[in-house]
Amino acid sequence: MSFVVNEPVPRPGILDIAAYVPGKEHAPGVARVFKLSSNETPLGPSPKAIEAFKHAAEHLELYPDGQANELRNAIAAVHGLNPANILCGNGSDELLGLLCHVYLGPGDEGIITEHGFLVYKIQIMGAGATPVVVKEKDATVDVDAILAAVTEKTKIVFLANPANPTGTYVPVSEIRRLQAALPRHVVLVLDAAYAEYVRRNDYEAGLELVSANRNVVMTRTFSKAYGLAALRIGWMYAPAAVVDALNRVRGPFNLNAPAIAAGAAAVRDQGFIEKAVEHNNLWLDKLTHALETLGLRVTPSVANFLLIHFPEVDGKRAEDADAFLTSRGYILRAVKGYGFPNALRMTVGTEEANRGVIEALGEFMGRPA
Ligand SMILES: *Cc1c(COP(=O)(O)O)cnc(C)c1O
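This one's a predicted model, so the numbers in the text were calculated from it and none came from an experiment.

**Student:** Teacher, can you tell me more about the sheet that holds strand 10 (residues 305–309) here?
**Tutor:** Pairing in this open sheet of four strands is antiparallel, and the strands run 9-10-13-12 from one edge to the other. Looking along the sheet, the strands with just one partner apiece sit at the ends: strand 9 (297–299) and strand 12 (333–334). With three bridges joining them, strand 9 and strand 10 adopt antiparallel strand pairing. Directly across from R297, in strand 10, lies its bridge partner H309. Those strands touched by helix 11 (residues 318–327) are strand 12 and strand 13 (343–347), and its axis lies near 40° from that of strand 13.

**Student:** Can you walk me through the packing of helix 11 against helix 12 (residues 351–364) in this structure?
**Tutor:** When two helices pack together, their arrangement is given by the angle between the helix axes and the distance between those axes. Packing of helix 11 against helix 12 leaves a shortest axis separation of 10 Å and a crossing angle of 125°. When the axis of helix 11 is compared with that of helix 12, the two are oblique. In this structure, helix 11 meets helix 12 at a crossing whose hand is right-handed. From helix 11, D320, A321, F324 and L325 reach across to helix 12, where they touch V357, A360, L361, E363 and F364.

**Student:** Is there a simple way to explain the sheet that holds strand 3 (residues 109–113) in this structure?
**Tutor:** Backbone hydrogen bonds hold the strands of a sheet together, and the pairing may be parallel or antiparallel. If you trace the seven strands from one edge of the open sheet to the other, you get 2-8-7-6-5-3-4, paired in mixed fashion. For this open sheet the edge positions go to strand 2 (86–89) and strand 4 (130–134), each flanked by a neighbour on one side alone. Within this sheet the neighbouring strands show an average axis-to-axis angle of 25°, counted without direction. As paired elements, strand 7 (residues 216–221) and strand 8 (residues 234–237) share four bridges and run antiparallel to each other. Each bridged residue has a counterpart across the sheet, and for R220 the counterpart in strand 8 is W235. Of the strands in this sheet, strand 2, strand 7 and strand 8 are in contact with helix 2 (residues 69–79), which crosses strand 2 at around 125°. Packed onto the sheet, helix 6 (residues 172–181) meets strand 5 (154–160), strand 6 (187–191) and strand 7 and runs at close to 160° relative to strand 6.

What counts, and at which threshold
Residues numbered from 1 in each chain as written. Predicted model: local features only at pLDDT ≥ 70, side-chain atom pairs only at ≥ 80, totals over all residues. Heavy atoms only, no water. Pairing = 2+ DSSP bridges. Helix = DSSP H or I, 4+ residues; strand = E, 2+ residues; numbered from the N terminus. Contact = heavy atoms within 4.5 Å. Axes fitted to C-alpha atoms, helices over the stretch in contact; angles between N-to-C directions. Parallel < 35°, antiparallel > 145°, perpendicular 65-115°, else oblique. Left-handed = near helix turned anticlockwise from the far one by under 90°.

Set out below in structure tokens:
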């Protein structure tokens, strides 16, 4: 046999994907670095999670429980859910990918929003489908714009609530309106990675919407408020048919044993999460106020990060601020790829890091803080 091409060729569309670029972590030549580029918690995980992780290290020769029962049961108990409707993933990123793998194929469309999390686009394209990007309003997801983009080809809608990198949220009344108007076969994915931080009466992560409908799923993560990003733990609350479909294609041992043990211990320690949220929300307010006082515009955030907009003036743009802050050891996230060429995203850090950024930006803006 003879073939025209002499090397393996990826499916059409794969090489059109721009690989995900994680937040920077180094500031060359700076001794002390504060990484505020990946929305990691400054408080680390619960000590109980660390203890469980160490204990799990004593049995690394054993395969993990492929159903992650200990973790699913702990999540179910804390949130008042049926464990049969919970599926865990190697980070919620894995679950986002599995949803695309299962519900999308060539010719299908997945709706994402203007400033949406880049993983959605990557996974839609990875499944051979077409991402359809809709506009946002004031850096906030616009339900009407999503509905206007629905076609016969639409199979999935991705919405982060709160959203990253904007930190804005959509009230539950709007999410209900979206669900009610979507065709019943379209999967509505509510990515609630930052739900723990939100203290607003009109916000819901999506539990009730999932319980009441067959086409809504909610994804969550242990990477943010729980401080376990290194272990890669996500979970999904979904209708039984969705859990069943994803269970058929996922890796049989997609969560490792130390992750299952540490995750279960972490979710049981809700007192720790309360303290983490308290620290975050205190500093979210203080940082917003301080940065606005410096003349910077900040998008109102309910998450653990802030989107800071810089003046359209040479020497004062986001790029300049990024270089200045990095030279001082403060690493923020450039968000050009998210449609914000002149903004930086800052994760809420320790008190020391937060005060340091305020002081450095005061100097950068020419006004002492
Ligand atoms: C951080 C983040 C996640 C979490 O991803 P993991 O794979 O669970 O670490 C998911 N969605 C959004 C929007 C995020 O910002």
